[in-house]
Amino acid sequence: MHGPGLSSRGGTDLGRILSIPDGAVAIDGERIVAVGRTADLRRDFAPRAELDAQGGLVIPGLVDAHTHPVFVSTREDEFELRTQGKSYLEIAAAGGGILSSVRGVRAASKEDLLERLLLRLERFVDLGTTTVEAKSGYGLSLEAETKSLEVLAAARTRGIVDLVPTFLGAHDVPEEYRGRGADYVDLLIREALPRVAAARLADYADVFTEGHTFDLDASRRLMECARGLGLGVRMHVDQLSDLGGASLAAQLGAQSADHLEFVSEAGIQALAMAGVIPVLCPLVPLYLRQEREAPARRMIQAGLAPAISTDFNPGSCPLQSLPEVMTWAALRYRMSAAECLTAATLNPACSLARGSEIGTLEADKRADLVIFSCSNLRRLVSEFGSSRARAVVVRGRVVRGAEQVRTRA
Ligand code: NIG
Ligand code: FE
């Protein structure tokens with residue numbers, strides 16, 4: 001992923017990458033200072049230390065622009081119910097789904113939540129992900145949402161990954177507000193969003209716009225409120241039905257419109273006109289055993305600049321691996337390996353307003369990069385299960401594979 005990479009790449013540009021055989025990246029402190037041939041960089045910089053990729057693949061640190069990592073228990077019981085034919089909505093209506101994770105988060109201590117989150121962040125790094133957008137949304141009360149966001153803030157200071165917090169109080173209507181969804185929306189608008197913004201606990205607000213959760217009108221009010229408070233807007237839209245969520249995201253000038261399995265042609269056009277980045281979650285229909293998938297090729301044809309994400313969460317995607325997401329995006333969306341790389345680096349970085357900092361390997365960007373053992377990108381994308389990184393560099397620090405660093409005399 002070469003420069004200049006300040007803005008997202010869509011349409012025929014999505015697959016525009018450059019591969020440098022026998023390449024090297026020169027790093028000084030937290031920053032990349034040059035990218036080029038190994039021999040040239042050795043001559044120009046006389047490096048004090050080298051991390052040898054040994055013929056492996058060096059790419060920018062992967063960027064996951066959609067995750068829900070603040071939860072207690074996994075939900076493999078629901079996975080099994082789905083393999084037996086129950087749908088996501090049936091399981092949710094029976095008290096499973098998001099609300100089952102809410103019970104766990106409300107009962108958990110901050111220390112317990114933090115410990116679990118930190119392990120998950122370390123796992124992201126193992127898999128080559130160095131920037132993670134992370135949503136709250138399994139608290140659904142003032143107290144439990146604040147607790148979730150404070151846990152994210154505490155994790156952020158550890159510097160394991162670059163963590164971008166999103167407030168998703170509008171993930172579902174909690175049990176105690178059942179039948180009074182409008183009152184819960186009022187609570188979010190009057191109290192929760194202003195508190196979150198005032199305490200600077202999130203960069204973004206999000207909403208699950210769907211028939212059984214928040215309709216278009218509620219979603220608009222929530223996101224307009226968030227915007228007015230200075231928060232960016234991300235939205236779960238058109239995942240289980242075509243409600244027109246994509247068009248709403250476009251009208252609101254959202255930074256991302258996520259999922260989009262049921263997006264209409266009008267929705268695609270609206271996103272393209274407004275330059276909204278679609279954040280696609282290709283593993284989710286697989287895990288939900290849902291036939292309908294996001295029309296990714298159609299979006300690319302319309303000039304959109306998609307990102308691909310895990311949507312890591314205990315219900316609809318327990319997987320944290322972006323390399324696996326790339327493989328599935330290639331198979332299901334018919335995206336090339338090069339397109340998958342842009343969609344897992346520069347485009348998600350731009351959706352998180354970090355296009356000038358990360359997402360490509362070029363001078364002046366942050367030195368976040370990952371080395372895989374395989375010799376080329378197509379191999380990485382074509383193989384499931386070979387995605388553990390050989391080495392990972394975050395802000396110029398070798399956080400995986402440090403034993404491979406050799407100091408030069
Ligand atoms: O992105 N769509 C809404 N939220 C999650 C599902 C979360 C859950 O089931 O716990 C998603 O798929
Ligand atoms: Fe999600």
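Residues numbered from 1 in each chain as written. Chains lettered and ligands numbered in written order. Predicted model: local features only at pLDDT ≥ 70, side-chain atom pairs only at ≥ 80, totals over all residues. Heavy atoms only, no water.

> In this structure, what is going on with the coordination of the iron ion (ligand 2)? I would like to understand it.
Octahedral six-donor coordination of a metal ideally yields angles of 90 or 180 degrees, compared with 109.5 degrees for tetrahedral four-donor coordination. Coordination of the iron ion (ligand 2) by the protein is provided by His-66 (NE2), His-68 (NE2), His-236 (NE2) and Asp-311 (OD), with metal-donor distances spanning 2.1 to 2.4 Å. Residue His-66 is classed as buried on the basis of its relative accessible area, which comes to 0%. The buried category is assigned to Asp-311, whose relative accessible area is 2%. (Donors = N, O, S within 2.8 Å, 3.2 Å for Na, K, Ca; no water. Buried < 20%, exposed > 50% of the residue type's maximum accessible area, 1.4 Å probe, protein only.)

> Please clarify how the sheet that holds strand β7 (residues 162-170) should be interpreted in this entry.
Remark on secondary structure: sheet strands pair via backbone hydrogen bonds, oriented parallel or antiparallel. A sheet is described by the order of its strands in space; here eight strands give the open sequence β5-β6-β7-β8-β9-β10-β11-β12, paired in parallel fashion. Two strands in the sheet have a free side with no partner beyond their single neighbour: β5 (62-64) and β12 (307-308). Bridge count between strand β9 (residues 232-237) and strand β10 (residues 256-259): four bridges; the pairing is parallel. The residue bridging Met-235 from the neighbouring strand is Ala-257, located in β10. (Pairing = 2+ DSSP bridges. Helix = DSSP H or I, 4+ residues; strand = E, 2+ residues; numbered from the N terminus.)

> Before we go on, may I ask you to explain the site of ligand 1 in this structure?
Ligand 1 sits among 15 residues. The nearest are Tyr-88, Tyr-138, Gln-239, Asp-311 and Ser-316. Take Tyr-88: an N or O atom from its side chain is 2.7 Å from an oxygen atom of ligand 1. In this structure, His-259 approaches ligand 1 through a side-chain N or O atom, which is 3.0 Å from an oxygen atom. Taken by itself ligand 1 offers 330 Å² of open surface, and the protein chains cover 100% of this. (Near = heavy atom within 4 Å. Polar contact = N/O pair within 3.5 Å; in protein donor to acceptor, adjacent residues only side chain to side chain. Areas by Shrake-Rupley, 256 points an atom, 1.4 Å probe, with all protein chains shown as cover.)

> Got a minute to help me understand the pairing of strand β2 (residues 31-37) in this structure?
Note on strand geometry: in a regular strand, side chains alternate between the two faces of the sheet. By the bridge criterion, six bridges tie strand β1 (residues 23-28) to β2 in an arrangement that is antiparallel. Opposite Ala-24, over in β2, you have Gly-36 as the bridge partner. Remark: two residues form the turn of the hairpin made by β1 and β2, two consecutive strands paired antiparallel; Gly-29 in that turn has positive phi of roughly 65°.

> Got a minute to help me understand the pairing of strand β14 (residues 391-394) in this structure?
What you see with β14 is no split at all: Ala-391 and Val-393 on one side and Val-392 and Val-394 on the other are buried throughout. The sheet contact formed by strand β13 (residues 369-372) and β14 spans three bridges and is antiparallel. Bridge pairing in β14 links Leu-369 to Val-393. Of the pairings in the sheet, the one linking β14 to strand β15 (residues 397-400) comprises three bridges and is antiparallel in character. Residue pairing in the sheet places Val-394 in a bridge with Arg-397 of β15. Between β14 and β15, which follow one another and run antiparallel, lie two residues, and Arg-395 among them has a positive phi close to 50°.

> When you look at the packing of aromatic side chains in this model, what are you seeing that I'm missing?
A ring pair, where both rings are aromatic, is described by two values, the distance of the centres and the angle of the planes. Considering all chains together, one arrives at seven aromatic pairs under this definition. An angle of 85° between the planes, with centres 6.5 Å apart, marks the rings of Phe-71 and Tyr-138 as edge-to-face. Taken together, the residues Phe-71 in the loop between β5 and α2 (76-83) and Tyr-138 in the loop between β6 (129-135) and α6 (142-156) connect sequence positions 67 residues apart. Per residue, the accessibility class of Phe-71 equals that of Tyr-138, and both read buried. Their ring planes at 85° and their centres at 5.8 Å tell us that Phe-124 and Phe-312 sit as a pair that is edge-to-face. Here Phe-124 is found in helix α5 (residues 110-126), whereas its partner Phe-312 is found in the loop between β12 and α13 (322-333), with 188 residues between them in sequence. Taken together, the ring pairs connect Phe-71, Phe-124, Tyr-138 and Phe-312 into an aromatic cluster. Here Arg-234 stacks its cationic end above the ring of Tyr-204, 4.6 Å away from the centre of that ring. (Phe/Tyr/Trp six-rings, centres within 6.5 Å; stacked < 30°, edge-to-face > 60°. Lys NZ or Arg CZ within 6 Å of the ring centre and 35° of its normal.)

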